[in-house]
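Letter by letter, the chains look like this.
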Amino acid sequence: MSGSRAALMLGRMRTEPADHGESVRAAAPEAEPRSRGAGVLSWWWAGMAACLAIATVLRVWHTAADAGNGNAYYTATALSMSKDWTSFLSGSLDTGHFITMDKPAPALWPSAILIDVFGVHWATIFLPTALAGVASVLVLGLAVREAGAGSPAARAAALLAALALAISPVNVAVERDNNPDALLLLTMLTGAWLLLRALRRDRTRPLLGAAAVIGLGFDVKYLEAFVVVPALALVWLLFAAGPVRRRVVRLAAAAVPLVAVSAAWPLVFRLLPHRPWVGNSKDGTVEDRIGQIFSDHLSAPGTDVKGPGAVIIHAFQTGQAFHAGESGPGRLLSGVLADQISWWLPLAVVGAATMAYDLRRRRDASPAGLVLWTGWAVCCWAVFSFMQGVLHPYYTSLMAPALAALAAGGLVSAWTAWRRGRAYGAVALAAQIAVAGGWSAWVLHDTSAHRPGWLPPLVLAAAALALLAVPLSRPLAWAGGALAVLTAVTTLAAPAVWSAKTTDQRLLGINPLANQDGRYGLAVVPPQIGNAIMGVISGSQRVDPGLLGFLQANQGSARWLVAVPSGLQSAPMEIAAGGAPIMAMGGFDGSNPTPTLAQFRRLVARGEIRFILTAPPGRGFTGFGSGPSIQVSLWALKACRMVRPTATGLLLLDCQGAGAR
């Protein structure tokens, strides 16, 4: 059967709401006793509570002792946002409203509100992302259960998927940090859950809600929220009730809240009377920032730098410096990405095939869930494998729910068929055990991270015993439990250990990795250069308290306490100064085209800026940027008076009265 014909048949299969297990219930005795149904439901919630407890421990344990300020760039921005409404609504990196962070402001609203009430504290920095991660575990379980209409198999798959996401190493790493990806994932999963509810109930309101929540995801991290929209739209077009025209009309209606909510924060920003420059844009607007995301990730980066410097700059521009590897179809299966996201990727492929085969044999089941999670995984794989520009490994945490759902669904389908004595069930179960055990063993062998010496033999032994037990244990009532335990060890032991080790390590806020120990530096970049750069971009460099005291004592009526080469230097200083406004020239990495020399001189002439920190001649003026702030620093070295060197090697210059020179 051709692909187009199959798709057409799928689209015509249903004129009623998709309902996994619908005909099974129709053929069953009248109804289960209410007490039995309530008991099943309570056991499901007990299992979900256990998954949520595991997720909470993995995301919170030792955070207070090990996390520091997390990603100092976001912590400083949240602190600034807690100080005034313009900063809160715009996401300004400083209360002087010079430049914003490179993400929309709503990404840090929860943290900013908590900081306003309780101050800068590990809980106000990290709890919002940790709780978003725990909520994602719950929403994934609800979505998988919804896709299967709450059947026993769907409930089992939902709990397995929730457990897998709870211990997913890359998700544990990013949700122990304060990056916005945790909140983004929660919005995307909530959208998927509402879409499935709209399908099963043939209701438009949940569909509109799904679109609105995805739009909220755009207000958290721009276009990344739309990565899975093609999969969601395809599921609706194939499986929604009614004729194709009705499906298309309702889908078009959903575009209204999607666009409206997505545009809400950019509109608020545009209406601000004194809005700052939008970080990582060329003209200071949100629209240009969105365009820059397109250009950065759709075209291969280029550089005019020749020699060894070209290799280093290219490594940063592509994300290779952050251990993301080179783009290509096998990107997620190699290098550091393999021990971050790929643990269940091959298992998910076999699991999807198992579910598809099972659906061919059982006409009562809706394939909407299978198509949704497969489409989700394919969209993420395509984007993360082939995207240009910077790819941090933690971006791939968005792919984990789909892999968890497919792996769980495949195992439950195979297990159910095997317990019923069907030959394909035994073959599918054995194939999944072999793939899971073999791939985990390979990742453990190939990883650059430290691993316990006992872990690979444990995984291989569990897989071997499980494979032997598949053809032998079914006739024996007691052996099924042993096989379940062996299968669980095979599939979950390695990622669970990876996540557990992550709770005992201090993560690198700008690039958190599961089991990060030994991988705090940069890939590709020579170690000496890499260590120097990491001292700046990690936000962990020491802040000179004497320098801060001098600046605060001499700020006078100046709008900013001091101007520094980039946000990488301003963030730790701003945190140490309690949110005092510090101008991050050139934005995050110093490459933004603001301020120009003329703008800076006007600010100096008006008394809005007095002091500037810059590097001595010959050392460079930014972490790795090349914006016009370099011209500002060159001018300041000539026109301003040096006050003192600092503990970090930068020079403090006093530009009072130099604006006209």
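Residues numbered from 1 in each chain as written. Predicted model: local features only at pLDDT ≥ 70, side-chain atom pairs only at ≥ 80, totals over all residues. Heavy atoms only, no water.

J.: Go over the packing of helix H13 (residues 229-239) against helix H19 (residues 368-386), please, and point to the residues and values.
T.: Two elements in contact, H13 and H19, have axes separated by 8 Å at closest approach and are oriented at 155°. The angle between H13 and H19 places the two elements in the roughly antiparallel class. In terms of crossing hand, the pair formed by H13 and H19 is right-handed. Facing Pro230, Ala231, Leu232, Leu234, Val235, Leu238 and Phe239 of H13, the residues of H19 in contact are Ala368, Val371, Leu372, Gly375, Trp376 and Cys379. In terms of residue class, the contact of H13 with H19 is made up of 12 nonpolar, one polar and no charged. (Axes fitted to C-alpha atoms, helices over the stretch in contact; angles between N-to-C directions. Helix = DSSP H or I, 4+ residues; strand = E, 2+ residues; numbered from the N terminus. Parallel < 35°, antiparallel > 145°, perpendicular 65-115°, else oblique. Left-handed = near helix turned anticlockwise from the far one by under 90°. Contact = heavy atoms within 4.5 Å. Nonpolar A, V, L, I, M, F, W, Y, C, P; charged D, E, K, R; others polar.)

J.: Let's hear about the state of the cysteines: which residues, and what values?
T.: If you walk through the whole model with that rule in mind, you get one disulfide. The disulfide partner of cysteine 640 is cysteine 655, and the gap between their sulfur atoms is 2.0 Å. Disulfide cysteine 640 to cysteine 655: torsion about the S-S bond roughly 105°, handedness right-handed. Taken as a pair, cysteine 640 in the loop between helix H28 (629-639) and strand E4 (641-645) and cysteine 655 in the segment after strand E5 (651-654) lie far apart in primary sequence, 15 residues in all. Cysteine cysteine 379 remains unbridged, with the sulfur of cysteine 380 as its closest cysteine sulfur at 6.9 Å. Judged by its relative accessible area of 17%, cysteine 379 falls in the buried class. (Disulfide = S-S within 2.5 Å. Buried < 20%, exposed > 50% of the residue type's maximum accessible area, 1.4 Å probe, protein only.)

J.: Could you give an account of the confidence of the model for the protein chain, with specific residues and numbers?
T.: Residue-level pLDDT values for the protein chain average 87, and 86% of them are 70 or greater. Averaged pLDDT values for the elements of the protein chain fall to 34 in helix H2 (residues 22-27) and rise to 98 in helix H10 (residues 169-175). Across residues 1-35, confidence stays below pLDDT 50; counting only partners more than four residues off in sequence or on other chains, it has 52 contacts. Taken as a whole, residues 620-625 scores under 50 in pLDDT and shows 23 contacts with residues more than four places along the chain or in a different chain. (pLDDT = per-residue confidence, 0-100.)

J.: Quick rundown of the nonpolar core? Include the residues and the values.
T.: Within the largest apolar cluster, 121 residues are counted, with the highest numbers of intra-cluster contacts made by Leu140, Trp373 and Trp376. Contact partners of tryptophan 376, with chain neighbours within four places excluded, come to Leu185, Met188, Leu189, Ala192, Val228, Ala231, Leu398, Met399 and Ala402. (Core = buried A, V, L, I, M, F, W, Y, C linked by side-chain atoms within 4.5 Å.)

J.: Help me get a handle on unusual backbone geometry, residues and values and all.
T.: A cis amide bond links threonine 594 to the next residue, proline 595, at an omega of 0°. Turning to its location among the elements, proline 595 is positioned in the loop between strand E2 (583-584) and helix H27 (597-605). Positive phi values are uncommon outside glycine, yet histidine 323 reaches one of about 75°. Relative to the helices and strands, histidine 323 resides in the loop between helix H16 (308-318) and helix H17 (335-341). A relative accessible area of 15% places histidine 323 in the buried class.

J.: Go over a nonpolar patch on the surface, please, and point to the residues and values.
T.: On the surface, a cluster of nonpolar side chains totalling about 340 Å² of accessible area is made up of Ile113, Val117 and Phe118. Along the chain, the position of phenylalanine 118 falls in helix H7 (residues 109-118). (Patch = residues over 30% accessible without salt bridge, like charges linked within 9 Å, V, L, I, M, F, W, Y side chains within 5 Å. Areas by Shrake-Rupley, 256 points an atom, 1.4 Å probe, with all protein chains shown as cover. Salt bridge = Lys/Arg side-chain N within 4 Å of Asp/Glu carboxyl O.)

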